[in-house]
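# Structural description and commentary
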Amino acid sequence: MSTPLVGIVMGSDSDWPLVQKAAETLKSFGVAFEVRVISAHRTPDLAFAYAGGAEARGLQVLIAAAGGAAHLGGVLAAHTVLPVIGIPVAGGALNGLDALYATLQMPAGIPVATVTLGSAGPVNAALLAVQILGAADPDLRRKFHAYKEELKQKVIEGNAKVNATL
Ligand code: RP5
């Protein structure tokens with residue numbers, strides 16, 4: 001396995017069923033990644049150490065997924081200069097609105113690029129990570145062009161399928 005470029009961090013293993021879609025998406029682009037369960041609240045020292053050491057270990061993008069009072073993205077971003085992408089995880093009494101606002105509403109100076117609630121979130125987090133890496137990697141950009149072409153073909157096929165039923 002080559003050196004991971006993307007670090008996927010989640011606040012709890014209960015987030016994994018959702019977050020594994022980010023891992024699958026990175027895999028489909030051939031991007032090396034690692035996965036960690038680290039909580040900003042339950043293991044603050046680990047969160048600090050992970051973010052603080054990420055750049056030196058060769059990581060280039062961090063993805064942070066958390067639910068509830070979701071401070072993970074912000075805490076990681078506070079301790080690294082790497083770009084951090086936040087995935088708010090739905091659940092609890094507020095059904096993810098709390099995680100969405102907590103991840104999204106960062107003060108100026110500490111950005112966390114927040115993706116949507118739901119299953120599109122981890123997919124888009126991984127795609128955004130691929131796009132960030134692709135800025136300096138023509139091969140990844142080629143793969144992204146092919147990916148967009150696939151999306152386009154699916155819509156064209158969908159159009160044909162719907163019209164075939166008329
Ligand atoms: C957050 O609290 C985690 O990211 C998770 O989404 C949520 C619930 O965690 P568990 O109680 O299931 O461990 O920190």
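Residues numbered from 1 in each chain as written. Predicted model: local features only at pLDDT ≥ 70, side-chain atom pairs only at ≥ 80, totals over all residues. Heavy atoms only, no water.

## A closer look at the nonpolar core
Basically, it comes down to this: For the purposes of this section, nonpolar cores are sets of buried Ala, Val, Leu, Ile, Met, Phe, Trp, Tyr and Cys residues that join through side-chain atoms within 4.5 Å. When accessible area is computed with a 1.4 Å probe and restricted to protein chains, residues below 20% of their type maximum are described as buried, those above 50% as exposed, and intermediate ones as partly exposed. Each helix is a run of DSSP H or I of at least 4 residues and each strand a run of E of at least 2, with the numbering of both proceeding from the N terminus. In what follows, residue pairs with any heavy atoms lying within 4.5 Å of each other are defined as contacts.
Within the largest apolar cluster, 26 residues are counted, with the highest numbers of intra-cluster contacts made by Val 6, Ile 8, Leu 26, Val 31 and Ile 63. Ranked by residue count, the leading element in this core is helix H5 (residues 120–134), at six residues. The contacts of Val 6, once residues within four sequence positions are left out, are Leu 26, Val 31, Ala 32, Phe 33, Glu 34, Leu 59, Val 61, Ile 63, Ala 129 and Leu 133. The next biggest cluster of nonpolar side chains, apart from the first, holds 19 residues, and it includes Ala 40, Tyr 50, Leu 59 and Ala 64.

## Structural notes on the domain arrangement of the chain
Selection criterion: The domain limits used here are those given by an automatic or database domain assignment. Two parts placed together each lose some accessible area under a 1.4 Å probe, and adding up what both lose gives the buried area. By definition, a salt bridge exists where a carboxyl oxygen of Asp or Glu is found within 4 Å of a side-chain nitrogen of Lys or Arg. Pairs of N or O atoms are called polar contacts if they sit within 3.5 Å, as long as, within protein, a hydrogen donor faces a hydrogen acceptor (for residues adjacent in sequence, only side-chain-to-side-chain pairs).
Structurally, the chain comprises domain 1 (6–135) and domain 2 (138–166). Opposite the nine residues of domain 1 that make contact, domain 2 presents six residues. Surface buried jointly by domain 1 and domain 2 totals about 680 Å² across both partners, of which 73% is contributed by carbon and sulfur atoms. When the buried surface of domain 1 facing domain 2 is broken down by residue, Phe 29, Leu 127 and Gly 134 rank first, second and third, together holding 65% of it. Taken together, the links from domain 1 to domain 2 amount to zero salt bridges. For the pair domain 1 and domain 2, the number of links is three residue pairs in polar contact (both at pLDDT 80 or more).

## What to know about the pairing of strand E1 (residues 6–10)
Here is the rule: If you view a crossover with the strands going away from you and the path from the first strand over the helix to the second runs clockwise, you call it right-handed.
Burial analysis of E1 places five of its five residues in the buried class, the great majority of the element. Neither face of E1 is left uncovered, since the one carrying Val 6, Ile 8 and Met 10 and the one carrying Gly 7 and Val 9 both have all their residues buried. Note on the crossover from E1 through helix H1 (residues 16–28) to strand E2 (residues 33–37): the handedness is right-handed.

## What about the pattern of salt bridges?
In this structure the tally under the stated criterion is four salt bridges. Residue Arg 142 pairs with Asp 139 through a salt bridge whose shortest N-O separation is 3.6 Å. A residue pair is termed a helical-turn pair when its members lie 3 or 4 positions apart in one helix, as Arg 142 and Asp 139 do in helix H6 (residues 138–164) at three residues. Taking the relative accessible area as the measure of exposure, Asp 139 reaches 37% and is therefore partly exposed. Measuring nitrogen to oxygen at the nearest pair gives 4.0 Å for the salt bridge that ties Glu 149 to Lys 152. With Glu 149 and Lys 152 both in helix H6 and three residues apart, the pair spans about one turn of that helix. Owing to a relative accessible area of 47%, Lys 152 belongs among the partly exposed residues under this scheme. Each of Glu 34, Arg 36 and Arg 57 takes part in salt bridges that share partners, so that together they form one network.

## Regarding the site of the ligand
Stated precisely, the cut-off is as follows: By convention in this text, a residue qualifies as near a molecule or strand provided that one of its non-hydrogen atoms is within 4 Å of it. All accessibility values rest on the Shrake-Rupley procedure with a 1.4 Å probe; residue burial counts only the protein chains present in the view.
Neighbouring the ligand are Gly 11, Ser 12, Ser 14, Asp 15, Arg 42, Ala 66 and Gly 67. A distance of 2.7 Å separates an oxygen atom of the ligand from a polar atom in the side chain of Ser 14. In the model, an oxygen atom of the ligand is placed 2.8 Å from a nitrogen or oxygen of the Arg 42 side chain. If the ligand stood free it would expose 370 Å²; the protein chains cover 66% of that surface.

## Concerning the environment of Ala 69
Mapping Ala 69 onto the fold places it in the loop between strand E3 (61–67) and helix H3 (72–78). What makes Ala 69 partly exposed here is its relative accessible area of 47%. Setting aside chain neighbours within four positions, we find Ala 69 in contact with His 41 and Ala 102.

## Quick look at the sheet that holds strand E5 (residues 113–114)
Two pairing modes exist for strands in a sheet, parallel and antiparallel, and in both the strands are linked by backbone hydrogen bonds. Put simply, the rule reads: Pairing between two strands is assigned when DSSP locates at least 2 bridges connecting them.
Taken in spatial order, the five strands make up an open sheet running E2-E1-E3-E4-E5, and their pairing is parallel. What marks the edges here is a single partner per strand, and that holds for E2 and E5. Relative to E3, E1 runs parallel, the two sharing five bridges. By the bridge assignment, Ile 8 is partnered in E3 with Ile 63.

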